[in-house]
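Coordinate analysis (summary)
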Amino acid sequence: LLVRGPHALGVQMTDSGEPLAVSILLNTERDTPRRFELRPSDKKVISCGRADKRSDIVVKHEGISNVHAELRLLEDGGLSVVDLSSNGTGVRLPGATAVERLTKDVPRKIPHGALVVLPLKLKKGAGPRYCFTVILGDGEIVKPPDPEELPLDAAGNPKEEGDG
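The following paragraphs examine the structure supplied in this document. (Residues numbered from 1 in each chain as written. Predicted model: local features only at pLDDT ≥ 70, side-chain atom pairs only at ≥ 80, totals over all residues. Heavy atoms only, no water.)

1. Re the sheet that holds strand β10 (residues 108-109)
The criterion, for reference: A pair of strands is labelled paired if DSSP reports no fewer than 2 bridges between them. Note on conventions: DSSP H or I runs of at least 4 residues are helices, E runs of at least 2 residues are strands, and numbering of each starts at the N terminus.
Reading across the sheet, the five strands line up as β5-β4-β6-β7-β10 and stay open at both edges, with mixed pairing between neighbours. What marks the edges here is a single partner per strand, and that holds for β5 (57-58) and β10. Direction of pairing for strand β4 (residues 45-49) relative to strand β6 (residues 69-73): antiparallel, over a ladder of four bridges. What sits directly across from V45, in β6, is R72.

As structure tokens, then:
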């Protein structure tokens, strides 16, 4: 996820309607970011899920809910992620190896360089997880890792060292 513009740096948003550009870079589309514009007076949310008609970012995976998570514009110009799913959403903070499981329906502010992971819980044979990075401001785009590189078991819990 690439967020550009002065508001991404924490500058208080005004009612001028100036947009905040948001580009989503999924691990499955490593070279093709998707661009959205968020406005405090208009569009404040980007939804991610399996349902074509209800999601801005459609991810076809049986572990992804119809509307799995939302990226929300905050009043301070930041961005948050909210888990709305039954299989969970996670965030890995910059410099960390662990993925934090989000509490359902509780917004979590996303810092520069964070990784958003969905779904956390995988059913047998469901395929790999999806993930995307979050870059605030005009920072360099950091491509998300392959989901197999994340130290998570099928339930979305941290793998113990030595687990395969």
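Having put the structure on the table, let's press on.
2. Examining the pattern of salt bridges
Defined as follows: Salt bridge, as used here: a side-chain nitrogen of Lys or Arg that lies within 4 Å of a carboxyl oxygen of Asp or Glu. Buried residues are those whose accessible area, probed at 1.4 Å on protein chains only, stays under 20% of the maximum for their type, while exposed residues exceed 50% and partly exposed ones sit between those limits.
One pass over the full model with this rule turns up four salt bridges. The shortest N-O distance in the salt bridge between D56 and K43 comes to 3.1 Å. Of this pair, D56 sits in the loop between β4 and β5 while K43 sits in the loop between β3 (34-38) and β4, placing them 13 residues apart in sequence. For K60, the salt bridge is made with D52, and the minimal N-O distance between the two is 3.4 Å. For K60, a relative accessible area of 52% corresponds to the exposed category.

3. A look at the side chain of H68
For the record, the criterion: Each polar contact in these results corresponds to two N or O atoms within 3.5 Å; when the atoms are within protein, one needs to be able to donate a hydrogen and the other to accept it, and residues that are neighboring in sequence are counted only if both atoms are side-chain atoms.
Tracing the backbone shows H68 in the loop between β5 and β6. On the accessibility criterion, H68 (0% relative accessible area) is buried. From its side chain, H68 meets the backbone nitrogen of S65 in a polar contact 3.1 Å long.

4. Focus: the sheet that holds strand β8 (residues 90-92)
Taken together, four strands build an open sheet; the order of strands is β9-β8-β11-β12 and the sheet is antiparallel. Strands with a single pairing partner mark the edges of an open sheet, and in this sheet they are β9 (100-101) and β12 (130-133). Alignment of β8 against β9, held across two bridges, turns out to be antiparallel. Paired with V91 across the two strands is E100, which belongs to β9.

5. A look at the nonpolar core
For clarity, the cut-off: In plain words, nonpolar cores are sets of buried Ala, Val, Leu, Ile, Met, Phe, Trp, Tyr and Cys residues tied together by side-chain atoms within 4.5 Å. By definition in these notes, contact holds between two residues if any of their heavy atoms fall within 4.5 Å.
Counting residues in each nonpolar core, the largest one holds 21 residues, and the members touching the most others are V59, V81, I110 and V116. For this core, the secondary-structure elements that each account for two or more residues are β4, β6, β7 (79-83), β11 (115-118) and β12. For this core, the element with the highest residue contribution is β6, accounting for three residues. Sequence-distant contacts of V81, that is, excluding residues within four places in its chain, are made with A69, E70, L71, V91, L102, V106, P107, R108, I110 and V116.

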